[in-house]
Each structure stands twice: as structure tokens, then as C-alpha cells.
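A structural walkthrough
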Amino acid sequence: MASIRDVAKLAQVAPSTVSLVINNKGYVSENARKKVLDAIEKLNYVPNELARNLFRNSTNIIGIIVPDVAHPFFGAFISALEIALYKYNYKIMVCSTVERKNAEHEIVDMLQRQMIDGIIMGCHSLEVELYDNVNKPIVAFDRIINNRIPLIHSDHKQGGKLAAQTLIKAGCRHPLQITGIKNASMSAYSHHVAFKEELAKNGIEVINYEMKWNQFSMKYFKQVAVDVFEKYPEIDGIYGSDMVVCACLGEAHKRKLNIPENIKFIAYDGTFITESGFYNITSIVQHIDLLAAETAKMIVSLIKGKKVVKDKILPVVLRKGDTC
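Small disclaimer: the values here were computed from a predicted structure and weren't measured.

Quick notes on the packing of aromatic side chains
Scanning the entire structure with this criterion turns up 8 aromatic pairs. For the ring pair F73 and F141, a centre distance of 6.1 Å and an interplane angle of 15° mean the geometry is stacked. In this pair, F73 sits in helix α5 (residues 72-86) while F141 sits in strand β4 (residues 138-141), placing the two residues 68 residues apart along the sequence. Of the two residues examined, F73 and F141, each falls in the buried class. For the pair Y220 and F221, a centre-to-centre distance of 6.1 Å together with 50° between the ring planes defines the contact as tilted. Y220 gets classed as buried once you look at its relative accessible area, which sits at 10%. Residue classification places F221 among the buried positions, given a relative accessible area of 3%.

Looking at the packing of helix α7 (residues 156-169) against helix α8 (residues 190-201)
Axis angle and axis distance: for two packed helices, these are the angle between their axes and the distance between the axes, and together they describe the pair. Orientation of α7 relative to α8, taken along the N-to-C sense of each, is 40°, at an axis distance of 7 Å. Classified by the angle between their axes, α7 and α8 sit oblique to one another. Both α7 and α8 take part in a crossing whose hand is right-handed. Of the residues in α8, those in contact with H156, K157, G160, K161, A163, A164, Q165, L167 and I168 of α7 are S190, H191, A194, F195, E198 and L199. Grouping the amino acids of the contact of α7 with α8 by side-chain chemistry returns 7 nonpolar, 5 polar and 3 charged.

Here we look at the environment of P67
Relative to the assigned elements, P67 resides in the loop between β1 (61-66) and α5. Residue classification places P67 among the buried positions, given a relative accessible area of 0%. Residues P67 and M121, 54 residues apart in the sequence, show an inter-C-alpha distance of 9.8 Å.

Reading guide: rules and limits
Residues numbered from 1 in each chain as written. Predicted model: local features only at pLDDT ≥ 70, side-chain atom pairs only at ≥ 80, totals over all residues. Heavy atoms only, no water. Phe/Tyr/Trp six-rings, centres within 6.5 Å; stacked < 30°, edge-to-face > 60°. Helix = DSSP H or I, 4+ residues; strand = E, 2+ residues; numbered from the N terminus. Buried < 20%, exposed > 50% of the residue type's maximum accessible area, 1.4 Å probe, protein only. Axes fitted to C-alpha atoms, helices over the stretch in contact; angles between N-to-C directions. Parallel < 35°, antiparallel > 145°, perpendicular 65-115°, else oblique. Left-handed = near helix turned anticlockwise from the far one by under 90°. Contact = heavy atoms within 4.5 Å. Nonpolar A, V, L, I, M, F, W, Y, C, P; charged D, E, K, R; others polar.

Nothing here speaks to function; it is geometry throughout.
Right under this line is the structure:
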């Protein structure tokens, strides 16, 4: 492979002049610029990106930590983030923590060793103390880490309230909500709290079904659905995340329950799977594209040393469907 010195020799200029042309910085005469560009074309010279990044103390790579890339919400979020960050000339490195104990440690270590420029942390971490001594650009997505690291999330309290009000208006009197294990670091859990509180204000008690920690497979959600209907045959409404609500909807259909007459469903997230089946599921929708755009803007601002809002909250909306 041709080197920058080979280009300089052919163009009869100094290596520093070639560097200025490649990086489009500083003054270079048009005659010298043309010689350099002609030499680059003749030698098929490709700049060494790694060397340039080391010189600039930057990699233009951002690490994304999520629980599971196969999950519809996180898959869509990563896709939207990649597009949003590309506009800032950044690439992404995705890390899925499901069934990988040291994955989070590895990404944080890469940040400390300047192998990546920043981290967007969106996993269900139980090790938030891992970030206590990291003074590098980090944005927490839906996860409260500490009071130094900025947080971005949807208005989950409003989402839970909207879901409860929708079920009440639909005449639901025996609702059940399916949650993950309660964790103080997860801002998203607040929609379950708001859901329960809004129903209580209207004299309705909600049954709370708690799933196992960090489980994201449809096989597990189908097991949950069977267990829910076996244990609580009296329920007339179910609220939970997209995948588990889809599983419960399928189980209700197997049991020949009329929807929404016998039982109503509201999903939280509103990803594509809620509109991919026989029923369009009534959903509380998080604006994934907007979340990704604002998250990208926030992490790039931190990398550039700019101040950002410590707690960025974005709106959710109710999307009416066939199930409530």
C-alpha cells in the first residue's frame, strides 16, 4: 500500500502538504493541491484512518450497550441511532449484554483506553457503580446511573397514566399488568407505577405479575401468558410491553376469548410488532426516531465538551387499535 510519503514524493511536495490536502485544513496552493490529488489517484492511496484517529485522539466510534439486539424496541432504536450518528460522522459499536456477563465491562474499558469516543448505555445494569469513576462522555438511555451522567427517556409517567385512563374508559375493572423486576435505576419502570396509581384513584385495583430478570425471548413470554391466564382467569385487561402483550393476545385467542369484549390489551412501546398481526394492538408509543436523534445529539455534544440537559424527557402518544 502506498504511504503518505509516497504521495508526497510523486507530487514533489512535503508530507505535511499532503496531510493538509487530505484533511482539508490550512492553505495549499491550487497547483500543489492538484499535484497531490493526481498522485493520490495514481497511487490509489487510502489514508490510514487508525493513524489519523490516534493523532486526533478520536475514533469516531460510539459504543451502544443494550440488553438484546433482537428485541423489537432495541433493534429499532439501534437502527435509528446508527442513522442519526452517521449524520455527525460517527459509527457505532453495538454490545448486547444478554447472556454475556463481562460485555458491559469490556465496553467501559474500551472507553477508558480511548478505543471509542463515548457510550450510550441502555442495558438493564445491576452494576451502576461501574461508571462512578469514568469521566468520559456517557449518555444513559432509560437507565439512571448517577447524578453526573445525563439521562434521556420518554415521559413514562404520562404513558402509564394514559394506558390506565384508556382501560377505565373502555370499562375495564379487573386489569393485570406484567412488569419486569422493579429496579430503582430503570426510569422506564415508572410507567407501571403511574398505571397502578391512576387506577387506584378510580377505585380499581390492579394485579401485578412480575417476570424474571432480563428475559427477552418470545418462548419465555408465551410461558408467562399461559401462567397469567391459568392464575387469573377473572381479568378483563392486560397491560405490558409489546412482546409479552403479543404473547398474551395469542393465548387469549387460543382460549376463544372475544377481543376487546371479554378482555382488552394495551402494549407499551408501540413497535412494529403491535401492527403486524391480525389485531392492531392499542399502544402507548415511544417515538424511537426522536429518541435516537436526541440521544445522538446529546452524546456528540458531550464529546465536543458542550453542556447538555441532565434529564431529557420526550413525549409519548396513545395509538388506538383493535384491542381496547
